[in-house]
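# Summary of the model geometry
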Amino acid sequence: MNGENSMADQSYFLHHLGNPYIHSNSTSLLNTLNSVRVFPKHLPTNVNRQIYLPPIFIRFLHATQSLKGVDIYLNGKKILYNFSFKEISQYITLPVGIYLIEIYPQGSTSTPIIRKEVKLKENNHYTLPLISKDKTYQLLEYIDDNKIQSPITNIRVINLSPFYKNIDVSIKNGNTLFSTIGFKEATPYLTLTPMTVDLEIKDSLTKETIREITNTTFKPNLHYSIVLLNHSVIIY
């Protein structure tokens, strides 16, 4: 749908703390986001409390197909709603601190499926995927490499499919790039020459092809994560 109602059709809204993107009919959320409390990092009494600490950057990935949509709260304030399977948010910039993350089924605030306190290191970028296995939910933490190294490209693989204990990723009819990647495991980044390539994801044990990723372009000066979600793949 186009025109003035197009924003209303978005499946979720992301608000960047300190510089929120606010829906035209939801300006009241501005005060909500500005009121998110940060638990200060404890410093020794002899340390100047005016010292600058680099911020942290977090984003969320919905990797749980059994949940149609979720609402995510940060220190009691809603920051994402109706966040759907395979969606990944933009980074949120936060000051260093301890944060309480609560995740609810969309539209509900009775019982959170996740209630987790996180304390992340300054000057790092994090992706936090919501996963499930056997009806047990987890919020994982992965550090993203966002350093620019011209003119190469970096890729890694994350196995978030509970259906495959270990997976391999290879160039189609060519070399294996990553092998025996366990469930919830993220590989180190692999440095490559920028290219367009066909990739295959296979079960490490049976060598069955799970997914083919065709005509995929990896551009210079960028970092990519290839993520297996159940039987599907996303690249971000």
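Before any of the text, the structure's been laid out above.
Numbers given for residues are sequential positions, taken from 1 along each chain in its written order. pLDDT decides what is reported in this predicted model: residues at 70 or higher carry local features, side-chain atom pairs at 80 or more are listed and counted, and totals for whole chains, interfaces and linings draw on all residues regardless. For the side-chain quantities, the full set of heavy atoms in the structure was used; hydrogens and water were omitted.

## Observations regarding the side chain of Asn230
Note that Asn230 resides in the loop between strand S16 (223-229) and strand S17 (232-235). A simple rule labels every residue: compare its accessible area, found with a 1.4 Å probe on the protein chains alone, to the largest value its type can have, and call it buried under 20%, exposed over 50%, or partly exposed in between. Judged by its relative accessible area of 9%, Asn230 falls in the buried class. What Asn230 contacts, discounting residues up to four positions off in sequence, is Gln65, Leu160, Ser161, Pro162, Phe163 and Tyr164. Each helix corresponds to a stretch of at least 4 residues labelled H or I by DSSP, and each strand to a stretch of at least 2 residues labelled E; elements are numbered beginning at the N terminus. Two residues form a contact once any of their heavy atoms are found within 4.5 Å.

## Observations concerning unusual backbone geometry
The residue Asn82 is not glycine, and still its phi comes out positive at about 50°. With respect to the helices, strands and loops of the structure, Asn82 is situated in strand S3 (residues 77-84). The backbone of Lys135 shows a phi angle near 65°, a positive value even though the residue is not glycine. Looking at Lys135, the relative accessible area reads 80%, which means it is exposed.

## Focus on the pattern of salt bridges
Salt bridges are identified by distance alone: a Lys or Arg side-chain nitrogen within 4 Å of an Asp or Glu carboxyl oxygen. Evaluation of the coordinates by the stated rule reveals seven salt bridges. Between Glu141 and Lys116 there is a salt bridge, with its nearest N and O atoms 3.3 Å apart. Of this pair, Glu141 sits in the loop between strand S8 (136-139) and strand S9 (142-144) while Lys116 sits in strand S6 (residues 114-119); the two residues are 25 residues apart in sequence, bridging distant segments of the chain. By relative accessible area, which is 35% here, Glu141 ends up partly exposed.

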